[in-house]
Amino acid sequence: NPIFTLNAFAFSAEGETDPIFEGIPDKMVFGEGLTEALDALSLGSPGAKAIVGHEMAHHVQFEQDLFDSPLTGPEATRRTELMADAFGTYFVAHKRGFGMKGVQLHKAEQAFFEVGDCAFDSNGHHGTPNQRKALVEALVELEAGLEVDVGHDPAREEAAVLETVATGEAVP
């Protein structure tokens with residue numbers, strides 16, 4: 001099936017009412033073609049880890065109801081996809097995640113750029129390559145310096161910042 005070759009996605013049956021989904025646990029699915037493409041682009045393991053972080057971020061979004069938004073269509077998808085990029089960046093850059101630095105971190109950032117798209121009118125729009133790369137480059141500085149404390153919820157904090165940016169309001 002072509003959707004499984006050059007793609008990765010997170011799946012959750014939460015909220016599904018069709019009995020066919022009953023009992024299916026949350027999953028992340030990665031196509032073999034995606035791994036081959038990352039290798040061909042010389043992004044290999046760091047690129048794959050960035051995508052794992054992005055897909056795991058979708059599970060955080062499922063669990064914390066972060067898909068809820070007044071946005072619709074491509075704007076809604078772009079919002080959640082860029083948010084997943086942000087969470088994935090936190091995961092690869094922070095010392096409590098992969099703690100990537102230097103060349104490894106650059107390859108992870110480049111992976112987000114390479115899987116961007118320019119399908120502005122598509123409900124599957126993930127953000128342009130430049131949007132995705134600019135976002136993760138800006139966040140690397142932020143994430144590298146954050147400490148994880150008891151009660152610290154980076155997903156909620158980053159989601160709040162991204163919502164503020166998306167609505168055009170000043171970031172506090």
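No experiment lies behind these values; they were computed from the predicted model shown.

1. Quick word on the nonpolar core
Now for step 1: The biggest cluster of nonpolar side chains holds 15 residues, and the ones touching the most others in it are Leu 38, Ala 50, Val 92 and Leu 105.
Now for step 2: Elements supplying a minimum of two residues to this core: helix 1 (32-40), helix 2 (44-63), helix 3 (73-93), helix 4 (102-114) and helix 5 (129-145).
Now for step 3: If one sorts the elements of this core by residue count, helix 4 sits on top with four residues.
Now for step 4: When neighbours within four sequence positions are excluded, Leu 105 is seen to be in contact with Val 92, Ala 93, Met 100 and Val 140.
Now for step 5: One finds Ala 57, Leu 66, Leu 82 and Leu 139 within the second-largest nonpolar core, a separate group that totals nine residues.

2. Quick word on the packing of aromatic side chains
Now for step 1: By the definition in use, this model includes three aromatic pairs.
Now for step 2: Residues Phe 62 and Phe 67 carry aromatic rings whose centres are separated by 5.1 Å and whose planes lie at 25 degrees to one another, so their mutual orientation is stacked.
Now for step 3: Seen from their ring centres, Phe 91 and Phe 98 are 4.8 Å apart, and the 70 degrees between their planes marks the pair as edge-to-face.
Now for step 4: A cation over a ring is seen here: Lys 49 above Phe 98, with NZ or CZ 4.7 Å from the ring centre.
Now for step 5: Of note, Lys 133 hangs over the ring of Phe 113, and the distance from its end group to the ring centre comes to 5.8 Å.

3. A closer look at the confidence of the model for the protein chain
Now for step 1: Averaged over every residue, the pLDDT of the protein chain is 82; the share at 70 or more is 79%.
Now for step 2: Taken element by element, the protein chain is modelled with least confidence in helix 6 (residues 154-167), mean pLDDT 61, and with most confidence in helix 2, mean pLDDT 92.

4. What to know about a nonpolar patch on the surface
Now for step 1: Together, Met 28, Phe 30, Val 52, Met 56, Phe 91 and Phe 98 make up an exposed nonpolar region whose accessible area comes to about 470 Å².
Now for step 2: Contributing elements (two or more residues each) for the nonpolar patch: strand 2 (27-30) and helix 2.
Now for step 3: Positionally, Phe 91 belongs in helix 3.

5. Observations regarding the layout of surface pockets
Now for step 1: In this model, the second largest pocket occupies a volume close to 370 Å³.
Now for step 2: Every residue lining the second largest pocket is counted, 18 residues in all, and those nearest its centre are Asn 7, Ala 8, Glu 55, Val 115 and His 126.
Now for step 3: Of all the elements in the fold, those that place two or more residues in the lining of the second largest pocket are strand 1 (8-11), helix 2 and helix 3.
Now for step 4: No other element matches the four residues that helix 2 contributes to the lining of the second largest pocket.
Now for step 5: Here the lining of the second largest pocket is composed, by residue class, of eight nonpolar, five polar and five charged.

6. What to know about the environment of Phe 120
Now for step 1: Mapped onto the elements, Phe 120 comes out in the loop between helix 4 and helix 5.
Now for step 2: The exposure class of Phe 120 is partly exposed, given its relative accessible area of 48%.
Now for step 3: The spatial distance from the C-alpha of Phe 120 to the C-alpha of Arg 78 is 9.2 Å, given a sequence separation of 42 residues.
Now for step 4: When neighbours within four sequence positions are excluded, Phe 120 is seen to be in contact with Pro 74, His 125 and Thr 128.

What counts, and where the lines are drawn
- Residues numbered from 1 in each chain as written.
- Predicted model: local features only at pLDDT ≥ 70, side-chain atom pairs only at ≥ 80, totals over all residues.
- Heavy atoms only, no water.
- Core = buried A, V, L, I, M, F, W, Y, C linked by side-chain atoms within 4.5 Å.
- Buried < 20%, exposed > 50% of the residue type's maximum accessible area, 1.4 Å probe, protein only.
- Helix = DSSP H or I, 4+ residues; strand = E, 2+ residues; numbered from the N terminus.
- Contact = heavy atoms within 4.5 Å.
- Phe/Tyr/Trp six-rings, centres within 6.5 Å; stacked < 30°, edge-to-face > 60°.
- Lys NZ or Arg CZ within 6 Å of the ring centre and 35° of its normal.
- pLDDT = per-residue confidence, 0-100.
- Patch = residues over 30% accessible without salt bridge, like charges linked within 9 Å, V, L, I, M, F, W, Y side chains within 5 Å.
- Areas by Shrake-Rupley, 256 points an atom, 1.4 Å probe, with all protein chains shown as cover.
- Salt bridge = Lys/Arg side-chain N within 4 Å of Asp/Glu carboxyl O.
- 1 Å grid on protein atoms, 1.4 Å probe; cavity = no way out; pocket = protein on both sides within 12 Å on 5 of 7 lines; lining within 4 Å.
- Points joined across faces, edges and corners; volume = space filled by probe spheres on them.
- Nonpolar A, V, L, I, M, F, W, Y, C, P; charged D, E, K, R; others polar.

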